[in-house]
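Observations on the three-dimensional arrangement
Listed below, chain by chain, are the residues.
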Amino acid sequence: EDDRVLSFTMRLRVFQKLGVPTDYVENGQEAVAMAAGREYSVIVLDNQMPVMCGADAARALRAGGFAGTIIGVTGDPSGCVERGHFEASGLTMCVDKDSAGLAKLVEAISAFGLASDCAAPFEGIPCTPSGQLSDL
């Protein structure tokens, strides 16, 4: 339940304020299925999703040919086994579920040129033409 509230809050605070179009799914399995049928610039995955966790979803996305950016969001602390598996699952980057992590997410989205103002590249990610962001 807390993750549902956080996900909704993230959409309001991050994506809507930046003017980024989003699609939303309830679990990792839906994320993989939706990504197979659409083209996305960025996919944002929570590690703690029902049905299929974020790590399994990221691996399935990569195995299915998704070559775009996958940003992982997790509350697992650095050095934790679950976080390590998530970070090694094919993510482009992983951020924490705290205000500093959300700030990094905003910076990364801005760097992709998905937001109205394209900021300087974040961790080597160049600005790109506007596209769709999926906060799966």
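The preceding data block contains the structure.
Read on for a plain summary of the structure. (Residues numbered from 1 in each chain as written. Predicted model: local features only at pLDDT ≥ 70, side-chain atom pairs only at ≥ 80, totals over all residues. Heavy atoms only, no water.)

Some thoughts on the pairing of strand β4 (residues 93-96)
Heads up, the rule is: In short, DSSP must find at least two bridges between two strands for them to pair. Numbered from the N terminus, helices here are DSSP runs of H or I no shorter than four residues, and strands are runs of E no shorter than two. With strands facing away from the observer, any crossover in which the path from the first strand over the helix to the second runs clockwise is taken as right-handed.
Sheet topology places strand β3 (residues 69-74) next to β4; four bridges connect them, and they run parallel. Bridging from a neighbouring strand, V73 pairs with V95 of β4. Once you follow β3 into helix α4 (residues 81-87) and on to β4, the crossover reads as right-handed.

Regarding the environment of V20
Rule in force here: The buried label goes to any residue with under 20% of its type's maximum accessible area, the exposed label to any with over 50%, and the partly exposed label to all in between, with areas taken from a 1.4 Å probe on protein chains only.
Structurally, the position occupied by V20 is in the loop between α1 (2-18) and β1 (22-23). Its relative accessible area of 6% is what places V20 among the buried residues. For the pair V20 and I109, spaced 89 residues apart in the sequence, the C-alpha separation amounts to 8.6 Å.

Comments concerning the pairing of β3
β3 sits mainly inside the fold: six of its six residues count as buried. Covered by surrounding structure in β3 are T69, I71 and V73 together with I70, G72 and T74, the residues of both alternating faces. Looking at chain direction, strand β2 (residues 42-46) and β3 are connected through five bridges and run parallel. When the bridges of β3 are listed, D46 appears paired with V73. The β-α-β motif built from β2, the intervening helix α3 (residues 54-63) and the parallel element β3 has right-handed crossover chirality.

Brief notes about the nonpolar core
Which entries qualify depends on this criterion: For the purposes of this section, nonpolar cores are sets of buried Ala, Val, Leu, Ile, Met, Phe, Trp, Tyr and Cys residues that join through side-chain atoms within 4.5 Å.
I43, L45, L61, F66, I70, F86 and L91 are the most contacted members of the largest nonpolar core, which totals 16 residues. Looking at this core, the elements with two or more residues in it are α2 (28-37), β2 and α3. Judged by nonpolar contacts, the second largest core, of 14 residues, contains L18, V20, I109 and F112.

Observations regarding the side chain of N47
Convention followed: Here a residue-residue contact requires only that any non-hydrogen atoms of the pair lie within 4.5 Å.
Structurally, N47 can be placed in the loop between β2 and α3. Excluding residues within four positions of it along the chain, N47 makes contact with C53, G54, A55, V73, T74, D76, E82 and F86.

Considering the environment of C94
Mapping C94 onto the fold places it in strand β4. If we skip the residues at most four places from it in the chain, C94 touches G72, T74, R83, F86 and E87.

Brief notes about α2
The line we're drawing: As used here, the arc belongs to the directions running from the helix axis to the C-beta atoms. Pairs of N or O atoms are called polar contacts if they sit within 3.5 Å, as long as, within protein, a hydrogen donor faces a hydrogen acceptor (for residues adjacent in sequence, only side-chain-to-side-chain pairs).
Residues G28, A31 and A35 constitute the buried set of α2. Seen along its axis, α2 keeps its buried residues to an arc of 50°; they face one direction. Relative to its buried face, α2 has exposed residues pointing more than 90 degrees away, namely A33, A36 and G37. Lining the buried residues of α2 we find β2 and α3. Capping the start of α2, N27 holds a side-chain oxygen 3.0 Å from the backbone nitrogen of Q29, two or three residues further along.

The analysis is restricted to geometry; functional conclusions fall outside its scope.
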